[in-house]
There are 2 protein chains.
Amino acid sequence: MMNKPPSVRAVTILDVAAAAQVSKSTVSLVLKGSPLIPAETSERVRAAAAQLGYVYNRRAGELRRQSSNMVGVVINDLMNPFFAEVLAGLERRLADAGFITLMAHTSESLERQQKVLTTMREHNAAGIALCPALDTPASLAQDLQSWGIPLVVMIRTLGEGSYDFAGADNAHGVMAATRHLLAAGHRRIGFLGGLDGLMLEQRLSGCRAAFADAGLAFDEDLVFSASPTRTGGHDAMRSLLAAQPAIKAAICYNDLVAFGALSALDENGLRAGKDFALMGFDNVFDAAHSHPPLSTVDVRPAELGEQAATLLLARMAHPGQPRQQLLARPKLVLRQSA
Amino acid sequence: MMNKPPSVRAVTILDVAAAAQVSKSTVSLVLKGSPLIPAETSERVRAAAAQLGYVYNRRAGELRRQSSNMVGVVINDLMNPFFAEVLAGLERRLADAGFITLMAHTSESLERQQKVLTTMREHNAAGIALCPALDTPASLAQDLQSWGIPLVVMIRTLGEGSYDFAGADNAHGVMAATRHLLAAGHRRIGFLGGLDGLMLEQRLSGCRAAFADAGLAFDEDLVFSASPTRTGGHDAMRSLLAAQPAIKAAICYNDLVAFGALSALDENGLRAGKDFALMGFDNVFDAAHSHPPLSTVDVRPAELGEQAATLLLARMAHPGQPRQQLLARPKLVLRQSA
DNA sequence: CTGAAAGCGCTTACAG
DNA sequence: CTGAAAGCGCTTACAG
């Protein structure tokens with residue numbers, strides 16, 4: 001993996017200085033737009049730089065200045081459009097703030113995650129936005145913070161420790177969805193998809209809470225856990241239908257699961273919105289375009305990414321500020337599936 | 001955006017050297033695993049490094065060595081799962097080869113693209129994988145190459161210039177899809193979605209070629225251009241159905257368009273696979289899960305990303321090697337929509 | 001096998 | 001307003 005030295009030595013600030021007949025300090029000053037330099041000199045330097053094809057070497061500048069304009073972003077599952085949207089929002093906000101994103105995709109591998117975090121540290125990332133891989137030990141948040149690099153955890157929490165967090169209020173969102181079905185008269189409501197873990201617990205708890213608030217009993221036998229994918233949703237719906245032929249409503253762990261469930265419904269000659277009430281969670285871009293369009297809990301994925309970025313930028317600017325947990329309150333968006 | 005200097009000075013190679021009672025050159029040597037250093041010394045150095053919590057400063061090392069292990073990846077449209085999959089494949093391959101990816105999302109903005117490329121250059125990226133934003137001037141490939149940084153263009157070509165390219169054979173893929181419909185007896189076939197540009201031209205040409213090969217005339221009035229999204233596909237299908245009520249088959253610019261078209265079909269009481277033959281393009285992950293599952297042209301998006309990475313890595317290792325154009329031959333995957 | 005020295009390309013006090 | 005000098009943290013000949 002040797003990088004050959006560039007055939008022709010890169011032009012540096014020194015070359016520009018020589019060409020413009022000033023010292024390299026002066027060049028540095030005009031490059032950063034210092035007001036100390038008179039316009040005439042400044043012009044001359046700029047012209048020389050342009051003429052020589054000078055390109056700023058950030059690595060050198062940042063090494064000297066002990067700063068960085070790269071921020072690390074680690075995502076687990078780009079195949080889920082939810083995360084792709086979060087990433088897009090995050091990157092946009094970071095770019096607008098002048099940062100470039102060092103991105104890594106872990107595919108839920110703890111090993112990859114650890115490796116990539118270390119690399120980001122070695123690269124002196126100015127901050128890290130992390131959506132922890134499944135089964136990430138809770139201690140990771142403290143570990144990262146002990147590195148002295150600003151951190152924001154997003155989407156999935158990481159134990160009880162103290163760290164900035166940006167995510168959606170899962171319990172509240174599912175509660176709203178459940179209430180909607182309850183209000184429509186449903187009393188037996190399935191819950192489909194999701195793998196054991198905090199996130200599933202949070203979403204389920206919203207479901208239970210809505211039942212409890214209504215003075216009703218939630219039937220735990222109607223919970224069909226499954227991987228949070230289309231396939232998982234498809235299979236979970238089949239299991240639900242097989243076990244409970246009379247069931248007429250379900251809430252899904254996320255939109256992907258709902259899309260899969262829609263397929264299974266379809267295969268059984270059932271039409272969501274007519275024969276069955278189905279709710280998703282996330283409101284990914286595609287939810288508006290499923291068959292039928294999906295009623296879901298809108299967590300605004302791209303905004304969530306932007307918020308994570310904003311939080312991280314704030315932490316970077318003010319390392320000492322109190323930690324924040326941003327729990328966006330998702331809103332119901334009712335389309336045709338329920 | 002000031003970064004305060006870390007409260008406590010970072011521990012450097014010098015500190016480790018002092019602790020291990022050797023010179024900093026020795027530390028550097030053991031860190032890179034040089035065989036010159038006897039095990040005993042090496043142990044001592046490692047222990048000292050661990051004990052002090054030393055972390056390698058890549059920036060300094062790379063500045064000195066004039067190397068880099070970051071590669072830039074620019075993508076336009078993360079909302080399209082096709083690109084998310086390409087990105088995932090690319091990142092995986094790069095990570096496996098020891099590189100970290102500097103990622104940027106342009107949303108098809110030429111301005112963002114230019115800015116981000118410049119930043120990547122300033123960061124001394126070891127290479128760049130670029131999927132050019134729409135309307136990117138063909139000269140960009142030469143510009144980038146004149147920077148002396150290894151480049152691979154992916155998915156969308158960039159004029160006739162000379163550069164490494166990894167993409168799918170659009171014409172061939174659409175030709176296969178068209179042949180499939182022709183073989184099923186269809187003679188009037190719509191073409192839905194896609195914005196004016198080279199990519200649309202390539203895909204259309206495949207369609208025309210298949211007709212020509214069969215000695216049939218392709219009716220250009222059946223082309224309904226539209227943005228390559230679900231909405232675009234939905235609208236295009238509506239237009240097609242309105243203009244040609246008897247039409248029974250169509251090929252879509254990509255899977256997203258096909259998903260939208262499926263919705264429009266559904267609204268018209270038409271069922272793809274029974275009343276209508278519909279083909280997509282890309283074979284994104286979701287294509288297997290639409291209603292009905294989509295027959296499409298499989299370009300293997302993740303593999304495409306991996307190939308782009310492989311090509312880039314090869315160029316980085318051998319700057320002088322002849323340029324390559326990798327045009328993956330997509331294969332038909334027949335599910336239920338046609 | 002290990003140390004002293006120079007240098008990667010920049011920034012930043014400090015003089016003048 | 002501008003220059004000389006030191007230094008960010010590393011690597012790499014070069015001696016010994």
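Since the model is a prediction, treat every value here as computed from it, not as a measurement. (Residues numbered from 1 in each chain as written. Chains lettered and ligands numbered in written order. Predicted model: local features only at pLDDT ≥ 70, side-chain atom pairs only at ≥ 80, totals over all residues. Heavy atoms only, no water.)

Break down the protein's contact with DNA strand D for me, citing the residues and quoting the values.
As a structural note, the neighbourhood of DNA strand D is formed by 26 residues, with A:Ser23, A:Arg64, B:Ser28, B:Tyr54 and B:Arg64 the closest of them. Backbone atoms, meaning sugar plus phosphate, form 64% of the atoms of DNA strand D positioned within 4 Å of the protein. Between DNA strand D and B:Tyr54 there is a distance of 2.5 Å, counted from a phosphate oxygen to a side-chain nitrogen or oxygen. Where the surface near DNA strand D is concerned, the elements lending two or more residues are helix H2 (24-31) and helix H4 (58-65) of chain A together with helix H2 (24-31) and helix H4 (58-65) of chain B. (Near = heavy atom within 4 Å. Polar contact = N/O pair within 3.5 Å; in protein donor to acceptor, adjacent residues only side chain to side chain. Helix = DSSP H or I, 4+ residues; strand = E, 2+ residues; numbered from the N terminus.)

Please give an account of the sheet that holds strand E11 (residues 325-328) of chain A that cites residues and values.
Pairing is mixed across the open sheet formed by 12 strands, whose spatial order is E11(A)-E5(A)-E4(A)-E3(A)-E1(A)-E2(A)-E2(B)-E1(B)-E3(B)-E4(B)-E5(B)-E11(B). Strands at the two margins of the open sheet, each flanked by one partner only, are E11 of chain A together with strand E11 (325-328) of chain B. Direction aside, the axes of adjacent strands within the sheet are offset by 20° on average. Where strand E5 (residues 164-168) of chain A meets E11(A), 4 bridges bridge the pair, whose relative direction is parallel. Bridging from a neighbouring strand, A:Phe165 pairs with A:Gln325 of E11(A). Set on the sheet, helix H12 (residues 301-317) of chain A makes contact with strand E1 (70-75), strand E3 (127-130), strand E4 (151-154), E5 and E11 of chain A; between it and E5(A) the angle comes to about 170°. (Pairing = 2+ DSSP bridges. Axes fitted to C-alpha atoms, helices over the stretch in contact; angles between N-to-C directions. Contact = heavy atoms within 4.5 Å.)

Quick one: what's the story with the protein's contact with DNA strand C, residue by residue and with numbers?
Inspection of the region around DNA strand C gives 26 residues, with A:Ser28, A:Tyr54, A:Arg64, B:Ser23 and B:Arg64 positioned closest. Close to the protein, within 4 Å, the atoms of DNA strand C belong to sugar or phosphate groups at a rate of 63%. With respect to DNA strand C, the backbone of A:Ile13 contributes an N or O atom lying 2.6 Å from a phosphate oxygen. Those elements that provide at least two residues to the surface near DNA strand C are H2 and H4 of chain A together with H2 and H4 of chain B. Looking at the surface near DNA strand C, the element that brings in the most residues is H4(A), giving 4 residues. Grouping the amino acids of the surface near DNA strand C by side-chain chemistry returns 10 nonpolar, 10 polar and 6 charged. (Nonpolar A, V, L, I, M, F, W, Y, C, P; charged D, E, K, R; others polar.)

Outline the sheet that holds strand E6 (residues 190-192) of chain B, supporting the account with residue identities and numerical values.
Residues and elements named next belong to chain B. With parallel pairing, the 4 strands of this open sheet are ordered in space as E7-E6-E8-E9. Pairing within the sheet leaves two strands with one partner each, and these edge strands are strand E7 (223-224) and strand E9 (277-279). Relative to E7, E6 runs parallel, the two sharing 2 bridges. The partner of Leu192 across the bridge, within E7, is Phe224. Lying over the sheet, helix H8 (residues 170-183) contacts E6, strand E8 (249-252) and E9, oriented at roughly 170° with respect to E8.

Before we move on, could you go through the side chain of B:Glu91 and cite the residues and values that matter?
Relative to the assigned elements, B:Glu91 resides in helix H5 (residues 81-96). For the buried residue B:Glu91, which engages in no salt bridge, the nearest side chain bearing the opposite charge is A:Arg112, 5.2 Å off. Setting aside its immediate chain neighbours within four residues, B:Glu91 contacts A:Met103, A:Ala104, A:His105 and B:Thr101. (Buried < 20%, exposed > 50% of the residue type's maximum accessible area, 1.4 Å probe, protein only. Lys, Arg positive; Asp, Glu negative; His and termini not counted. Salt bridge = Lys/Arg side-chain N within 4 Å of Asp/Glu carboxyl O.)

Can you lay out the pattern of salt bridges for me, pointing to particular residues and giving the numbers?
Enumeration over the complete set of coordinates arrives at 30 salt bridges over all chains. Where B:Asp286 meets A:Arg230, a salt bridge forms, and the shortest distance between an N and an O atom there is 2.7 Å. Separated into two different chains, B:Asp286 in the loop between E9 and strand E10 (296-298) and A:Arg230 in helix H10 (residues 230-243) make up a pair that spans both. The same class applies to B:Asp286 and to A:Arg230, which are both buried. B:Glu306 is the salt-bridge partner of B:Arg92, the closest N and O atoms lying 2.5 Å from each other. Separated by 214 residues along the polypeptide, B:Arg92 in helix H5 and B:Glu306 in helix H12 (residues 301-317) bring together distant segments of the chain. Taken together, the shared-partner salt bridges connect A:Glu201, A:Arg208 and A:Glu220 into one network.

Any chance you could break down the UniProt feature "domain: HTH lacI-type" (unreviewed entry) in chain A for me, citing the residues and the numbers?
The residues that UniProt annotates with the feature "domain: HTH lacI-type" (unreviewed entry) are residues 11-65 of chain A. Along residues 11-65 of chain A, the helical share is 69% and the strand share 0%, with 20 Å between the first and last C-alpha atoms. (UniProt positions renumbered as here; feature names shortened; annotations may be inferred.)

Any details on the pairing of strand E2 (residues 100-105) of chain A? Residues and values, ideally.
Working note: regular strand, side chains alternate between the two faces of the sheet. Residues and elements named next belong to chain A. Summarising burial for E2: 6 of the 6 residues are buried, a large majority. Covered by surrounding structure in E2 are Ile100, Leu102 and Ala104 together with Thr101, Met103 and His105, the residues of both alternating faces. Looking at chain direction, E1 and E2 are connected through 6 bridges and run parallel. Of the residues in E2, the one forming a bridge with Val74 is Ala104.

Run through the interface of chain B and chain A, naming residues and quoting values.
How big an interface is tends to be stated in terms of the accessible area lost upon association of its parts. Facing 57 residues of chain B, the contacting portion of chain A comprises 57 residues. Salt-bridge contacts for A:Asp266 lead to B:Arg271; the nearest nitrogen and oxygen are separated by 3.1 Å. Counting across the interface, chain B meets chain A through 22 residue pairs in polar contact (both at pLDDT 80 or more). Mapped onto the side of chain B that touches chain A, the elements with two or more residues apiece are H4, H5, strand E2 (100-105), helix H6 (110-122), helix H10 (230-243) and helix H11 (255-267) of chain B. The element contributing the most residues to the side of chain B that touches chain A is H5(B), with 8 residues. By residue class, the composition of the side of chain B that touches chain A is 25 nonpolar, 16 polar and 16 charged. Across 3 bridges, E2(A) lies against E2(B) in antiparallel orientation. The residue bridging A:Met103 from the neighbouring strand is B:Thr101, located in E2(B).

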